[in-house]
Amino acid sequence: MTHWFHRNPLKATAPVSFNYYGVVTGPSASKICNDLRSSRARLLELFTDLSCNPEMMKNAADSYFSLLQGFINSLDESTQESKLRYIQNFKWTDTLQGQVPSAQQDAVFELISMGFNVALWYTKYASRLAGKENITEDEAKEVHRSLKIAAGIFKHLKESHIPKLITPAEKGRDLESRLIEAYVIQCQAEAQEVTIARAIELKHAPGLIAALAYETANFYQKADHTLSSLEPAYSTKWRKYLHLKMCFYTAYAYCYHGETLLASDKCGEAIRSLQEAEKLYAKAEALCKEYGETKGPGPTVKPSGHLFFRKLGNLVKNTLEKCQRENGFILNPNQKKK
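How each quantity is defined
- Residues numbered from 1 in each chain as written.
- Predicted model: local features only at pLDDT ≥ 70, side-chain atom pairs only at ≥ 80, totals over all residues.
- Heavy atoms only, no water.
- UniProt positions renumbered as here; feature names shortened; annotations may be inferred.
- Domains from an automatic or database assignment.
- Contact = heavy atoms within 4.5 Å.
- Buried area = accessible area lost by both parts, 1.4 Å probe.
- 1 Å grid on protein atoms, 1.4 Å probe; cavity = no way out; pocket = protein on both sides within 12 Å on 5 of 7 lines; lining within 4 Å.
- Points joined across faces, edges and corners; volume = space filled by probe spheres on them.
- Helix = DSSP H or I, 4+ residues; strand = E, 2+ residues; numbered from the N terminus.
- Phe/Tyr/Trp six-rings, centres within 6.5 Å; stacked < 30°, edge-to-face > 60°.
- Expected span 1.5 Å × (residues − 1).
- Buried < 20%, exposed > 50% of the residue type's maximum accessible area, 1.4 Å probe, protein only.
- Polar contact = N/O pair within 3.5 Å; in protein donor to acceptor, adjacent residues only side chain to side chain.
- Nonpolar A, V, L, I, M, F, W, Y, C, P; charged D, E, K, R; others polar.
- Arc of directions from axis to C-beta.
- Axes fitted to C-alpha atoms, helices over the stretch in contact; angles between N-to-C directions.
- Parallel < 35°, antiparallel > 145°, perpendicular 65-115°, else oblique.
- Left-handed = near helix turned anticlockwise from the far one by under 90°.
- Salt bridge = Lys/Arg side-chain N within 4 Å of Asp/Glu carboxyl O.

As recorded in an unreviewed UniProt entry, the protein chain goes by the name BRO1 domain-containing protein BROX, listed as coming from Pan troglodytes. The annotation that UniProt attaches to the protein chain under Sequence similarities (unreviewed entry) is "Belongs to the BROX family."

In structure tokens, the structure reads:
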């Protein structure tokens, strides 16, 4: 089953030379600085390299972060921070607020910002793979794994590194808790979309699929609520995506719940459930149009034309017609549906 996911742009950064004349002396120290410069440049290149895979990304990220630790932690393994932590100024843009950079003279800020981009790369890799029309089982597992890795990175940055910043994260920008939490929840929701698609392919019980779809809709609702207090100019498009996915998966839940009711010969209730699915699908369709017309960070696409969206519309229509036919067999000609 093909998927469609909204993605915010990657963060951009200013070049860093790691040249510290008069501070760093000796060939070993110079080599570390050269390695830092080259490993940073390599990691930044991979973010936009479409041939990059998770193994390449992991190796490049590990290489850079292992060297950067020397600027954060003391080499004698004590609890003290490195004397080099505040030697370099780092500049990074924001995924929502465009090309206006934030700058901090702090290696922890660099660790967090680069880690944020690594997590974003995993979400973008998952999105590219999930968008294929004939996604294989192994590819679906890779999508699920990548989204879980991304969620784990965002969560780790929020809990373990962001609290160590000397300068607190600016409100409404990437490193603020509301945005990080929204990214975590979105990754969880999208990973569960893959689980739902797999359950449908394996023809699992409609009741299980309905429960998974309802839980996924709640994830999207929670992520949307997390962003509700942000400046609309920056968050509206992202929130449209979260809202339409919430309606979409609630419609899925009602659709498969209707199948469960139909299997129990509760045709009247099944019809009402499918009618509710029909309303929510129509609402999601309207939100798709609004999403496509809304300016802001993210791709300019028409989600309602995507295969994943059209398939649900056909499913709701066909299941409702099936329920109505079944109801017609059960009722006498003079009876009215309740």
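There is more to say, and it comes next.
**Thoughts on the domain arrangement of the protein chain**
Per the domain assignment, the segments of the protein chain are domain 1 (1-202) and domain 2 (204-331). Averaged C-alpha coordinates put domain 1 and domain 2 at centres separated by 32 Å. With 31 residues of domain 1 at the contact, the number on the domain 2 side is 34 residues. Summed over both partners, the interface of domain 1 with domain 2 buries about 3,100 Å², with 70% contributed by carbon and sulfur atoms.

**Topic: the layout of surface pockets**
One number sums up the size of the largest pocket: a volume of about 270 Å³. Along its surface, the largest pocket is lined by 14 residues, and F65, G115, V118, I153 and H156 are the ones closest to its centre. Of all the elements, helix α2 (residues 54-68) adds the most residues to the lining of the largest pocket, at five residues.

**Let's talk about the packing of aromatic side chains**
Scanning the model with the defined rule gives 18 aromatic pairs in all. Between W121 and Y125, the ring centres sit 5.1 Å apart and the planes meet at 15°, which makes this aromatic pair stacked. Within this pair, W121 and its partner Y125 are both found in helix α3 (residues 107-130), separated by four residues, close to a single helical turn. With centroids separated by 5.5 Å and ring planes inclined at 15°, the aromatic side chains of Y249 and Y252 adopt a geometry described as stacked.

**Observations regarding α3**
Count 3.6 residues to each turn of an α-helix, and residues three or four apart come out pointing the same way. An ideal rise of 1.5 Å per residue puts 34 Å on 24 residues; α3 measures up with 35 Å between its terminal C-alpha atoms. The buried fraction of α3 amounts to 22 of the 24 residues, a majority that puts the element mostly inside the structure. A distance of 2.9 Å separates the backbone nitrogen of V108 from a side-chain oxygen at the start of α3, and that oxygen is part of D106.

**Some words on the UniProt feature "coiled-coil region" (unreviewed entry) in the protein chain**
When the UniProt feature table is mapped to this numbering, "coiled-coil region" (unreviewed entry) covers residues 267-294. Secondary structure across residues 267-294 divides into 96% helix and 0% strand, with the first and last C-alpha atoms of the span separated by 40 Å.

**Details of empty space enclosed by the protein**
This model, assessed by the stated rule, comprises one cavity of 30 Å³ or more. In this structure, the largest cavity occupies an estimated 70 Å³ of space. What lines the largest cavity is H6, R7, N8, L120, T123, L147, Y183, Q186, C187 and E190. Broken down by secondary-structure element, the contributors of at least two residues to the lining of the largest cavity are α3 and α5 (177-201). With four residues, the single largest contributor to the lining of the largest cavity is α5. Of the residues that constitute the lining of the largest cavity, the class distribution is four nonpolar, four polar and two charged.

**Focus on helix α1 (residues 27-47)**
Look at α1: 31 Å from first C-alpha to last across 21 residues, which is about the 30 Å you get at 1.5 Å a residue. All buried positions along α1 are accounted for by C33, L36, S39, R40, L43, L46 and F47. Down the axis of α1, the buried set is contained in an arc of 155°. They therefore lie on one face. The exposed residues of α1 that point more than 90 degrees off its buried face are P27 and K31.

**A closer look at the packing of helix α6 (residues 206-227) against helix α7 (residues 232-263)**
α7 packs onto α6 with a crossing angle of 160° between their chain directions and a minimal axis gap of 8 Å. The angle between α6 and α7 places the two elements in the roughly antiparallel class. Every pair of crossing elements has a handedness; the one defined by α6 and α7 is left-handed.

**So, the environment of G258**
The residue G258 is located in helix α7 in this model. On the accessibility criterion, G258 (0% relative accessible area) is buried. For the pair G258 and D94, spaced 164 residues apart in sequence, the C-alpha separation works out to 44 Å. Those residues in contact with G258 that sit more than four places away from it in its chain are A270, S273 and L274.

**A short note on the pattern of salt bridges**
Summed over the entire model, instances satisfying the criterion amount to 22 salt bridges. For the salt bridge of E45 with R42, the shortest nitrogen-to-oxygen distance reads 4.0 Å. Residue E45 and its partner R42 are both found in helix α1; the two are separated by three residues, about one turn of the helix. Residue classification places R42 among the partly exposed residues on the basis of a relative accessible area of 39%. The partner of E137 in a salt bridge is K141, with the nearest N and O atoms 3.4 Å apart. Of the two residues, E137 and K141 are both situated in helix α4 (residues 137-161); the distance of four residues between them amounts to about one turn of the helix. Classification of E137 by relative accessible area gives partly exposed; the value is 39%. Take K141: its relative accessible area is 45%, and that puts it in the partly exposed class. Taken together, the shared-partner salt bridges connect E137, K141, R198 and E201 into one network.

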